[in-house]
Amino acid sequence: MNTPPATTRRPPGLRRFLTGRPPEPERCELCAVTLGESDHRHLVDTERRALACACTPCALLMARPGAAAGRFRAVPSRYLADPEHRLDDQAWEALQIPVGVAFLFRNAALDRLVALYPSPAGATESELDPATWTDVLGGSRLAALLEPDVEALLLRRAEGRCDCHLVPIDVCYELVGRMRLLWQGFDGGAEARAALDAFFDDVVRRARPVGGTGDA
């Protein structure tokens, strides 16, 4: 999935992060049933290269091998961390990320890692040679577990340390939407920074060490 920047496409499931207006009720994009928070799932539409909202039954149906000829893939819910793998300053500098946050996913159609980072304009793709991303992260245990198109490696550099988590791809676009909505000035502003801290606090809380039951 190579999802276009938020300026050109707004995944329906993320509209609530991109507008100040009360959102219309979300509906499953496969069966049109009204969605609540408890049954709101996301699918990756590999044909449109976008996220699609789904109810739980439709998401479970699309999780079956060969469903919809492979067009839709259900986004999993696992969060993983590898306490033994840390990016040092040299590795981070090699990535040449202009901000402190980025996420990478494996695009199945291109068969390579694609790197994006939040910006005031939406999700911006890094222009760095994909081979560099592979050299830095390709040998990690999290990268080996990464499901193409539906999961991402989420990176953050803050307070002298670099962390990496495996997360569902939809939460990365949720973060992009929040930052685009809250960003002010050159550095994002206090509100955006507070939202970023709260987001990563939640990621850390959800993440399970790689090698445990959360791998499945």
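Our subject is the structure listed above.
Quick summary incoming for the structure in this document. (Residues numbered from 1 in each chain as written. Predicted model: local features only at pLDDT ≥ 70, side-chain atom pairs only at ≥ 80, totals over all residues. Heavy atoms only, no water.)

1. Some remarks on the overall build of the chain
Summing up its helical and strand segments, the chain has six helices and 10 strands in all. Out of the 216 residues belonging to the chain, those deemed buried represent 48%. When the accessible surface of the chain is summed, it comes to about 11100 Å², and 50% of that surface belongs to carbon and sulfur atoms. (Helix = DSSP H or I, 4+ residues; strand = E, 2+ residues; numbered from the N terminus. Buried < 20%, exposed > 50% of the residue type's maximum accessible area, 1.4 Å probe, protein only. Areas by Shrake-Rupley, 256 points an atom, 1.4 Å probe, with all protein chains shown as cover.)

2. Section: the sheet that holds strand E1 (residues 41-45)
Across the sheet, three strands lie side by side as E2-E1-E3; this open sheet has antiparallel pairing. Single-partner strands in this sheet number two, and they are strand E2 (50-54) and strand E3 (72-74). The sheet shows a mean angle of 35 degrees between the axes of neighbouring strands, taken without regard to direction. Pairing between E1 and E2: five bridges, direction antiparallel. Looking at the pairing, leucine 43 lines up with alanine 52 of E2. (Pairing = 2+ DSSP bridges. Axes fitted to C-alpha atoms, helices over the stretch in contact; angles between N-to-C directions.)

3. Describing the nonpolar core
Phe103, Leu154, Ile169 and Tyr173 are the most contacted members of the largest nonpolar core, which totals 30 residues. At the level of secondary structure, the elements contributing two or more residues to this core comprise strand E5 (101-107), strand E6 (112-119), strand E8 (151-158), helix H5 (169-182) and helix H6 (189-206). Apart from the residues lying within four places of it in its own chain, the contact partners of leucine 154 are Val101, Ala102, Phe103, Asp163, Cys164, His165, Val167, Cys172, Phe199, Phe200 and Val203. Leu80, Ala91, Trp133 and Leu166 belong to the second-largest nonpolar core, a separate cluster that totals 24 residues. (Core = buried A, V, L, I, M, F, W, Y, C linked by side-chain atoms within 4.5 Å. Contact = heavy atoms within 4.5 Å.)

4. Focus on the sheet that holds E5
On the basis of which strands lie adjacent, the open sheet formed by seven strands has the order E7-E6-E5-E8-E9-E4-E10 and mixed pairing. Every other strand in the sheet has two partners, leaving strand E7 (122-125) and strand E10 (208-209) as the edge strands with one partner each. Two elements, E6 and E7, share four bridges in a ladder whose sense is antiparallel. Paired with leucine 116 across the strands is glutamate 125, a residue of E7. In the packing of H6 onto the sheet, the strands contacted are E5, E8, strand E9 (161-168) and E10, and the crossing angle to E8 comes to about 125 degrees.

5. Considering the pattern of salt bridges
Within this structure, the stated rule accounts for 18 salt bridges. Residue aspartate 89 pairs with arginine 157 through a salt bridge whose shortest N-O separation is 3.1 Å. Pair noted here: aspartate 89 is in helix H2 (residues 89-95) and arginine 157 is in strand E8, with a separation of 68 residues, a long-range link. Given the relative accessible area of 45%, aspartate 89 is considered partly exposed. For arginine 157, a relative accessible area of 29% corresponds to the partly exposed category. Here glutamate 93 ties to arginine 157 by a salt bridge, and the two come within 3.2 Å at their closest N and O atoms. Residue glutamate 93 is located in helix H2, and its partner arginine 157 is located in strand E8; the two are separated by 64 residues in the primary sequence. (Salt bridge = Lys/Arg side-chain N within 4 Å of Asp/Glu carboxyl O.)

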